[in-house]
Amino acid sequence: MTPVHSSGPIPVAQRLTQLPPYLFAQIDAAKRAARAQGRDLVDLGVGDPDQPTPAFILQAMAKAIRDPKNHRYALDQGMPALRETIAEWYLTRFRVKLDPATEILPLIGSKEGIAHLPLAFVNPGDSTLVPDPCYPPYRTGTILAGGTPIALPLREENDFLPDISGIRRSCKSNTKILYLNYPNNPTGATATLGFFKDVAALALQKKLLVAHDAAYSELAFDGLKPPSFLQVSGAKEVGIEFHSLSKTYNMTGWRIGWACGNAQAIAVLGKVKSNVDSGIFQAIQVAGIAALKSPPKKLAPLLAAYQRRRAILVEGLRKQGWPAPTPKATFYLWTRIPKNKRSAEVAQELLRVNVVATPGNGFGEAGEGYIRMAMTVPEARIREAVRRMGRLKLWSTRTSASARI
Ligand SMILES: *Cc1c(COP(=O)(O)O)cnc(C)c1O
């Protein structure tokens, strides 16, 4: 990402200069330099599936792309057939009934809806509650709308869930949105229905819109089925949920997802969108329908592949002394680093042995002390990364976790 220059011929809007510094800039530059030198990097830095989109989805797309009626502007609110398919998928998966006409809004990727949502609810000076660490658009979308994000620290001792009394304390009279994300990027944590129930009750009391990002709802292991926020009673009064086909069907480049839940929030997000975009290319919507109509068991090989990668990475790192947990969901490993080092420093050291990982502080201040590794490379490359990291002896006695500073 190029830095914003505030000193050009035309002064740029303050909202752009107010965006937090891009914390991955340093590691990105180092990665580019290493690649330019022809070094063979194992890139565990990007949360982008390495495997291709399944063939049956490509076939649906190939057919749809030849149909001229898909070449024109799509409907802003998505094809009725897509909204109906989403409603069926939701009912089967979560036992939650959604009205396809008023409670579902297809998006050009869930990031698009997440980033536009504050424009519908946040007045200049208002605030939102964002987890720390978190996926960056919750924070930056708030700032672009003129609002102030308030950080809710996610602590390991609380299973990376924000503390309910902490949410209550941080919430001000002008706080509009509470962002949540489970299964969580970057921590890999999952939430329970009990937690969602407490959140729904608090949101109702505080008049907060809950925006739950469930992009990883289908990427869970050992038979776990992560819940939807909309499963708890009262959730539809206070919340919407974001879903994405990106991670579930290896479709990150296609740009298709949706928001669903509270009808008023869906309507106003739709109003913002109708003024900034003109819908999702219809052939992609047809492909999305094919993806969502496929039986869930089609996902088994994908989940099994991530589970094998997880075993190689976690076991390999533990042998080297890393306190690596076993993530129950997502394709991320979020692990502590030696206490005497900063996450950016560890990322630089890994790069010295040609391994790319993401420093935890890039996701927020509370991410300091951790590093994220994405299991989006084949098993042999994960083994290679583990071998390379072993050479650093990061957890040798002199630099071990117990050597506090
Ligand atoms: C990858 C990801 C998304 C998905 O984004 P799309 O725009 O749908 O591709 C959403 N939220 C989180 C937390 C993610 O990591």
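Enquirer: Any chance you could explain the overall build of the protein chain here in plain terms?
Expert: Per the secondary structure count, the protein chain includes 14 helices and 12 strands. Against the 2.2 N^0.38 benchmark of 22 Å for 405 residues, the protein chain shows a C-alpha radius of gyration of 21 Å, consistent with a compact globule. A principal-axis box enclosing the C-alpha atoms of the protein chain has dimensions of 60 × 55 × 50 Å. In the protein chain, which comprises 405 residues, the share counted as buried stands at 55%. Entry remark: accessible area of the protein chain is about 18,300 Å², with carbon and sulfur atoms responsible for 55%.

Enquirer: In this structure, what is going on with the pairing of strand S9 (residues 332-336)? I would like to understand it.
Expert: When a strand is regular, its side chains alternate between the sheet's two faces. Along S9, four of the five residues are buried, which leaves the element largely enclosed by surrounding structure. Both S9 and strand S12 (residues 370-374) contribute to a ladder of five bridges, which runs antiparallel. Within the sheet, the bridge partner assigned to Thr335 lies in S12 and is Ile371.

Enquirer: Explain the side chain of Arg83 to me, please; I cannot follow it from the model alone.
Expert: Note on placement: Arg83 falls in helix H4 (residues 80-94). Notably, Arg83 is buried but unbridged: the nearest opposite-charge side chain belongs to Glu84, and the N-O separation is 6.7 Å. Reaching out from Arg83, the side chain makes a polar contact with the backbone oxygen of Gln77 at a distance of 2.8 Å. If we ignore the near neighbours within four places in the chain, the residues touching Arg83 are Gln77, Gly78, Pro100, Ala101, Ile104 and Pro106.

Enquirer: Just checking my understanding: could you explain the sheet that holds strand S2 (residues 104-107) for this structure?
Expert: Pairing between the strands of a sheet comes from backbone hydrogen bonds, and it takes one of two forms, parallel or antiparallel. The seven strands lie next to each other as S2-S8-S7-S6-S5-S3-S4, forming an open sheet whose pairing is mixed. The open sheet has two edge strands with one neighbour each: S2 and strand S4 (148-153). The average undirected angle you get between the axes of adjacent strands in this sheet is 20 degrees. Relative to S4, strand S3 (residues 127-132) runs parallel, the two sharing six bridges.

Enquirer: Whenever I open this one, the nonpolar core confuses me. Can you help?
Expert: Generally speaking, nonpolar side chains in soluble globular proteins are found buried as a group. By size, the foremost hydrophobic cluster in this structure holds 102 residues, and its most contacted members are Phe229, Trp322, Leu350, Met373 and Met389. In terms of residues, this core owes the most to one element, helix H12 (residues 300-319), which gives seven residues. Both domains that meet at this core, namely domain 1 (14-51 + 300-403) and domain 2 (55-296), each give it at least three residues. Discounting residues that sit within four places of it in the chain, Met389 has contacts with Leu44, Leu313, Leu317, Gln320, Trp322, Leu350, Val353, Val355 and Met373.

Enquirer: Can you walk me through the domain arrangement of the protein chain in this structure?
Expert: How large an interface is tends to be reported as the accessible area lost when its parts come together. Each domain of the protein chain was delimited in the assignment, giving domain 1 (14-51 + 300-403) and domain 2 (55-296). Spacing between the C-alpha centres of domain 1 and domain 2 amounts to 26 Å. In this complex, domain 1 contributes 30 residues to the contact, which on the side of domain 2 involves 31 residues. Interface of domain 1 and domain 2: buried area, both sides summed, is about 2,700 Å²; carbon and sulfur atoms make up 61% of it. The interface formed by domain 1 and domain 2 holds two salt bridges in total.

Enquirer: Sorry, what's going on with the site of the ligand here?
Expert: Around the ligand there are 14 residues in total, and Asp213, Tyr216, Ser246, Lys247 and Arg255 lie nearest to it. Between the ligand and the protein, one listed contact pairs an oxygen atom with a side-chain N or O atom of Tyr216 at 2.6 Å. Here an oxygen atom of the ligand sits 3.3 Å away from a polar atom, N or O, in the side chain of Lys247. Burial of the ligand by the protein chains amounts to 94% of its free accessible area of 390 Å².

Enquirer: What am I meant to see in unusual backbone geometry here?
Expert: Only a minority of non-glycine residues have a phi that is not negative, and only a minority of peptide bonds are not trans. The linkage connecting Tyr182 with the following residue, Pro183, adopts the cis geometry, with an omega of -10 degrees. As for its position among the elements, Pro183 is in the loop between strand S5 (175-181) and helix H8 (193-206). With an omega of 15 degrees, the peptide bond running from Asn185 to Pro186 counts as cis. Phi is positive for Arg95, which is not a glycine, with a value near 60 degrees. Along the chain, Arg95 turns up in the loop between H4 and S2.

About the criteria used
Residues numbered from 1 in each chain as written. Predicted model: local features only at pLDDT ≥ 70, side-chain atom pairs only at ≥ 80, totals over all residues. Heavy atoms only, no water. Helix = DSSP H or I, 4+ residues; strand = E, 2+ residues; numbered from the N terminus. Rg over C-alpha atoms; globule rule 2.2 N^0.38 Å. Buried < 20%, exposed > 50% of the residue type's maximum accessible area, 1.4 Å probe, protein only. Areas by Shrake-Rupley, 256 points an atom, 1.4 Å probe, with all protein chains shown as cover. Pairing = 2+ DSSP bridges. Lys, Arg positive; Asp, Glu negative; His and termini not counted. Salt bridge = Lys/Arg side-chain N within 4 Å of Asp/Glu carboxyl O. Polar contact = N/O pair within 3.5 Å; in protein donor to acceptor, adjacent residues only side chain to side chain. Contact = heavy atoms within 4.5 Å. Axes fitted to C-alpha atoms, helices over the stretch in contact; angles between N-to-C directions. Core = buried A, V, L, I, M, F, W, Y, C linked by side-chain atoms within 4.5 Å. Domains from an automatic or database assignment. Buried area = accessible area lost by both parts, 1.4 Å probe. Near = heavy atom within 4 Å.

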